[in-house]
Every structure is written in structure tokens, then in C-alpha cells.
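This is what each chain is made of:
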Amino acid sequence: MHIQEWLETVPAVSVYLLVGVVIGLESLGIPLPGEIVLVSAAILAATQDHINPYVLGACASAGAIIGDSIGYLIGRKGGQPLLHWAGRKFPKHFGPDHVAMAEAKFDKWGMWAVFFGRFIALLRIFAGPLAGVLKMPYWKFLIANVLGGIVWAGGTTALIYTVGMVAEPWLKRFSTWGLAAAVLFGIGSFFVMKRRAKKAAEAREAAEAPVTAAVD
């Protein structure tokens, strides 16, 4: 069966659920490719009439908001020990460098780190739990969480869907390449944030060095 024919048989409900669940789990703090799944689903909506982009964007937004809220509650209950545990279990995502980078963003942006964190691949899994660990007031977190979830999920869906509609003739013929491009985009975002995390760790070590020298 040709891939285009196979895509036409994919139930719309399963796409909505997949997007909502994956983005929700990623927002909760589990390292999953939420952005890749959302972009791929939006491309699919642009080429398949049975997938509604409005429902897709609503499911993505709901997953983002609910997942972040659960992550916030877990972080508030677990505190710093939760980050240490996550660092041991997922060193590539919750290592000291990544935590240092995320904390630096929270120090700089405050509640808006939750909002802007939606648009940064690696920070997206930190926003909810770290806001809870740092005891951010829930009302501040909720405002940034809802706005960020809607703007990121809805905006990404609208943008990719619009581009997909314009490029529909090519996407229908080369849908595999469209999905591959989405995957490469997600991987590229990961490496960019990994480099930023390394720079944040180096800055933290440089700042701590004079203090250590003075104590000695």
C-alpha cells in the first residue's frame, strides 16, 4: 500500500489522542518528542481532509496545559530531591548542566520562563516541574501555562497547517520527506539547546570559582 493511501486510513481520533498524550507527558517532565509529533500531525492535517486542524490544535493545547499543571504539582511535592532523582535516571535531559540552564532562565524571566519555555525544546520538559520546585505562586504559573500552551500548540498547528496547505501537492507526493523534515527540525532544536545548556554550566562554574578560591 502506498503511504498516502495508508495515511488516509488513520482514524482522526487516534491522531488527536496521540498528540494530546505525547505533548501532555512531555510537559509533565517525560522527555518525549512532542514538537515532532505536533508538526507531523499538522502536516497530516494539511494533506488529509478527515483530520480537523482546529480539533488538533485544541487537543495539543489541552495536553500542554494539563501536562504542565501536573508537572508543577509533582515538582512542588518532590522539591529538589526530584530533580536529583531525574538527573540520575535521565542524565541526558535532567543533568546538572540542563538544570543550571533552566534555573538561569527562571531567574531571568520569572513566570514568563514557563511561557517562553514552550518554544524551547529542552526547556519545555522543565517548565512545569521546575516552577513547582522553585515554589512559583500557582496563579502566576497558571497564567503563563495557559497562554504558553495555547500560543505554542495552537500557533504551531496553524503555521504548519497553513504551510502544508500551500505545499499540499508536494506533500501528497513526498509525505515521507515532510515527516523526515519534521524529525530533523526536532533533532536540530535538541542540539541547539544542549549547546546552550553547556554554556550555562560553564558560566555557573566560572561564577562559583572566585567564591571557592576565597574560601580556600
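Data block above holds the structure.
Asker: How do you make sense of the overall build of the chain when you look at a structure like this?
Answerer: On a plain count of helices and strands, the chain comes out with 11 helices and 0 strands. When the elements of the chain are put in sequence order from the N terminus, they spell out α-α-α-α-α-α-α-α-α-α-α. Scored against the burial criterion, the 216 residues of the chain give a buried share of 45%. Counted over contacts in the chain with a minimum sequence separation of 6, partners at least 24 positions apart contribute 79%. For the chain, the exposed surface amounts to about 11,400 Å²; the carbon and sulfur share of it is 71%.

Asker: I tried to follow the packing of aromatic side chains on my own but got confused; where do I start?
Answerer: Aromatic rings in a pair are described by how distant their centres are and how their planes are angled relative to each other. Within this structure, the stated rule accounts for 6 aromatic pairs. With centroids separated by 5.2 Å and ring planes inclined at 90 degrees, the aromatic side chains of phenylalanine 115 and phenylalanine 116 adopt a geometry described as edge-to-face. Assessed through its relative accessible area of 15%, phenylalanine 115 is described here as buried. Cluster of aromatic residues (ring-pair linked, three or more members): Trp112, Phe115, Phe116 and Phe119.

Asker: Please clarify how the pattern of salt bridges should be interpreted in this entry.
Answerer: Pairs can form between side chains of opposite charge whenever their charged atoms are close. One pass over the structure, following the stated rule, counts 3 salt bridges. With its nearest N and O atoms 3.8 Å apart, the salt bridge here joins arginine 124 to glutamate 35. Taken together, the residues arginine 124 in the loop between helix 7 (112-117) and helix 8 (127-133) and glutamate 35 in helix 3 (residues 34-47) connect sequence positions 89 residues apart. Here arginine 124 matches glutamate 35 in class, with each residue buried. In this structure, the salt-bridge partner of arginine 118 is aspartate 68, at a minimum N-O distance of 3.3 Å. Linking arginine 118 in the loop between helix 7 and helix 8 with aspartate 68 in helix 4 (residues 53-89), this pair joins segments that are 50 residues apart in sequence. By relative accessible area, aspartate 68 is classed as buried at 1%. A single network of salt bridges, built from pairs that share partners, joins Glu26, Glu35 and Arg124.

Asker: Whenever I open this one, the nonpolar core confuses me. Can you help?
Answerer: The nonpolar side chains of a soluble globular protein tend to be buried with one another. Of all hydrophobic cores here, the largest spans 22 residues; its most connected members are Val15, Val19, Ile23, Leu38, Ile51, Leu56 and Ala60. Elements represented by at least two residues in this core include exactly helix 2 (12-28), helix 3, helix 4 and helix 9 (138-166). Of the residues forming this core, the biggest block, 8 residues, is contributed by helix 3. Filtering out sequence-adjacent residues up to four positions away, leucine 56 remains in contact with Val15, Tyr16, Val19, Ala41, Ala42, Ala45 and Thr157. By size, the runner-up hydrophobic cluster in this structure holds 11 residues, among which are Met111, Leu130, Ala131 and Ala144.

Asker: I keep staring at helix 3 and nothing clicks. Help me out?
Answerer: In an α-helix, one turn spans 3.6 residues, which is why side chains three or four residues apart end up on the same side. Here helix 3 spans 20 Å end to end across 14 residues, near enough to the 20 Å set by a 1.5 Å rise per residue. Taking burial as the measure, the 14 residues of helix 3 include 14 buried ones, the bulk of the element.

Asker: Would you mind showing me how to read helix 2 here?
Answerer: Spanning 17 residues, helix 2 covers 24 Å between terminal C-alpha atoms, matching the ideal 24 Å at 1.5 Å per step. All of the buried residues in helix 2 are Ala12, Val15, Tyr16, Val19, Gly20, Val22, Ile23, Gly24, Glu26 and Ser27. Just downstream of helix 2, glycine 29 is the residue with a positive phi angle, here 130 degrees.

About the thresholds
For every chain, the first residue of the written sequence is number 1, and numbering continues from 1 along that sequence. Restriction of local features to residues with pLDDT of at least 70 applies here, the model being predicted, together with a cutoff of 80 or more for giving and counting side-chain atom pairs; totals for whole chains, interfaces and linings are based on all residues. As a convention, hydrogens and water are excluded, and side-chain values are obtained from all of the structure's heavy atoms. Going along the chain from the N terminus, every DSSP run of H or I of four or more residues is numbered as a helix, and every run of E of two or more is numbered as a strand. Buried, partly exposed and exposed residues are distinguished by accessible area as a fraction of the type maximum, computed with a 1.4 Å probe on protein chains only: under 20%, between the cut-offs, and over 50%, respectively. Two residues qualify as a contact provided that any one of their heavy atoms is within 4.5 Å of a heavy atom in the partner residue. Reported accessibility uses the Shrake-Rupley method at a 1.4 Å probe radius. Residues are deemed covered only where the shown protein chains occlude them. Centres within 6.5 Å make a pair out of two Phe, Tyr or Trp rings, where for Trp the six-membered ring is used; the pair is then stacked when the planes are under 30 degrees apart, edge-to-face when over 60, and tilted otherwise. Whenever Lys or Arg places a side-chain nitrogen within 4 Å of a carboxyl oxygen from Asp or Glu, that contact is recorded as a salt bridge. Among buried residues, those of type Ala, Val, Leu, Ile, Met, Phe, Trp, Tyr and Cys that are joined through side-chain atoms within 4.5 Å constitute a nonpolar core. A helix's residues, less one, multiplied by 1.5 Å, set its expected span.

Function cannot be read off these values alone, since they describe shape.
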